[in-house]
Amino acid sequence: ISAKVIVDKEYVLSDIDERIYGSFIEHLGRAVYGGIYDPGHELADENGFRQDVLDLVKDLQVPIVRYPGGNMVSAYNWEDGIGPKDQRPRRLELAWSTIETNQIGTNEFAEWARKAESDVMMAVNLGTRGMDAARNLLEYCNHPGGTYYSDLRIKHGYKDPHNIKTWCLGNEMDGPWQMGGKTAEEYGRVAYETAKAMKIVDPSIELVSCGSSNYNMPTFPDWEAITLEHTYDFADYVSLHQYYGNHENDTANYLAKSLDMDDFIKTIISTCDYIKAKKRSNKTINLSFDEWNVWYHSTESDRGMQPWQVAPPQLEDVYNFEDALLVANMMHTLINHSDRVKIAAMAQLVNVIAPIMTENQGKTWKQTIYYPYYYLSVYGRGKALKPIIQSDKYDSKEFTDIPYLDSAVVYNEERDELVLFLTNRHLTEPLNIECDLRSFENFHVLEHVVLEHDDPKAVNTKDEEQVRPHNIGNAIIDNQSLKAAVPKMSWNMVRLK
Ligand code: AHR
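Residues numbered from 1 in each chain as written. Predicted model: local features only at pLDDT ≥ 70, side-chain atom pairs only at ≥ 80, totals over all residues. Heavy atoms only, no water.

We now examine the layout of surface pockets. Approximately 730 Å³ is the volume found for the largest pocket. Contributing to the lining of the largest pocket are 30 residues, with Trp177, Ser213, Asn214, Tyr243 and Trp295 lying nearest its centre. Contributing elements (two or more residues each) for the lining of the largest pocket: β10 (237-244) and α8 (257-278). Per-element accounting of the lining of the largest pocket gives the leading share, four residues, to β10. Residue composition of the lining of the largest pocket, by class: twelve nonpolar, twelve polar and six charged. In terms of lining, the second largest pocket is formed by 22 residues, of which the most central are Asp262, Asn336, Lys386, Ile389 and Ser407. Sorting the residues of the lining of the second largest pocket by element identifies α8, α10 (321-336), β17 (388-391) and β20 (405-412) as the ones contributing at least two each. A per-element tally of the lining of the second largest pocket places α8 first, with five residues. In terms of residue class, the lining of the second largest pocket is built from eight nonpolar, seven polar and seven charged. (1 Å grid on protein atoms, 1.4 Å probe; cavity = no way out; pocket = protein on both sides within 12 Å on 5 of 7 lines; lining within 4 Å. Points joined across faces, edges and corners; volume = space filled by probe spheres on them. Helix = DSSP H or I, 4+ residues; strand = E, 2+ residues; numbered from the N terminus. Nonpolar A, V, L, I, M, F, W, Y, C, P; charged D, E, K, R; others polar.)

In structure tokens form, the structure reads like this:
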């Protein structure tokens, strides 16, 4: 099987907004307690943050982290998480049936994000609360001083405002599982009024209007159309969430699920632009794909979890090799829509459906999905190019005309480096790629990194890393053209200069 590709400097799709490499930390399972925060751990710093986790997050160069939820935010009182720690209430956390100790709250998380060299993307509670709590939280975080909430922050030890720029207007408000879930009309009104007040408190912020919880929601895409009619003037983005799993154990079909994500994005873009036309507006709403990942390995076992524990191990999917390939394809899809997708968040970052895992009182380890996330985040910055691709194709249970080659191409002008991200979806045969590099004269291969494994179900654990990349891929330049035999079922990064 083969694929022919043309890559040209002039075929620019967009300047990639680095925030598409964002992630997410929710007060859920061991993400916060036992994940980023573990004051008893030998590697904890003066704030109780695990330095080994911070190091891995910094390696990933995560530009923005969504917080504090997720479903959790829809019944969260942000005031519970500020002030002296010994006076903070323990609460029943209704989204995940746990006990929230509130030892980490807004200030601590802002502190952690600063150490992680990330920005915070803050979500407000539009489930059990609304406009009043949201505007107060914003005043607490971003107002310099001289008012009740900004002075309270100063009293709590944070003289300088956190200056949080990006805010989510609630979370998955269309979901029947959501505390205080709403109809599209109800949400549209509340989100509009909240957005209006928030932009008066701080006109420099950007707001994300809540989109459908996933592509299969019965109210999709009416939800987007109705809610955006309300929020259009104040919102800057609409959110998308999507998780996949290989429930049917059909790998060929599973690796194509990024095509479903691609359709989802296209439909949302159309819906945003339909409302733009209806409103005769000059403003374009962009997309925030602020929850995406594989999530299915732990769903069954989580059902039996004892309620009302503090930080139990929830949503601890152990990812395998084929999951890493789908994650790579999903990231390609984000890059290939980076003209409209400006923010995205791999959900989540630590322990909960995450690339980074920790042992309580022990070490950290990297899941299989850590690797595509790492390489795409670190090397996928610059201009997204639009390659012309002719690839052999196949059909699967849910999809037709699936190209064996899935790819994204990024040109980093500063470093004068061209990076090709390539997945071969074929389960048994190598893919012969020939890529015409035209305008990239005299470029040579810096490295060809390959993530491959004979067993699609191979996993990493705390004791053994079965799935890790090597950099002895076979890409060569021959007469202004890149040639590579990309191994069966593999993900590749070819970096050229
Ligand atoms: O990321 C896990 C959960 O998935 C989030 O809390 C929720 O927003 C989504 O349903």
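As a further point, take the pattern of salt bridges. Evaluation of the coordinates by the stated rule reveals 35 salt bridges. Across the pair glutamate 229 and lysine 278 runs a salt bridge, and its minimum N-O distance is 2.6 Å. Of the two residues, glutamate 229 sits in helix α6 (residues 222-231) while lysine 278 sits in helix α8, which places them 49 residues apart along the sequence. Take glutamate 229: its relative accessible area is 33%, and that puts it in the partly exposed class. Among the ionic pairs, aspartate 262 bridges to lysine 266, the shortest N-O distance being 2.8 Å. (Salt bridge = Lys/Arg side-chain N within 4 Å of Asp/Glu carboxyl O. Buried < 20%, exposed > 50% of the residue type's maximum accessible area, 1.4 Å probe, protein only.)

Interpretation in functional terms is not warranted from these geometric data alone.
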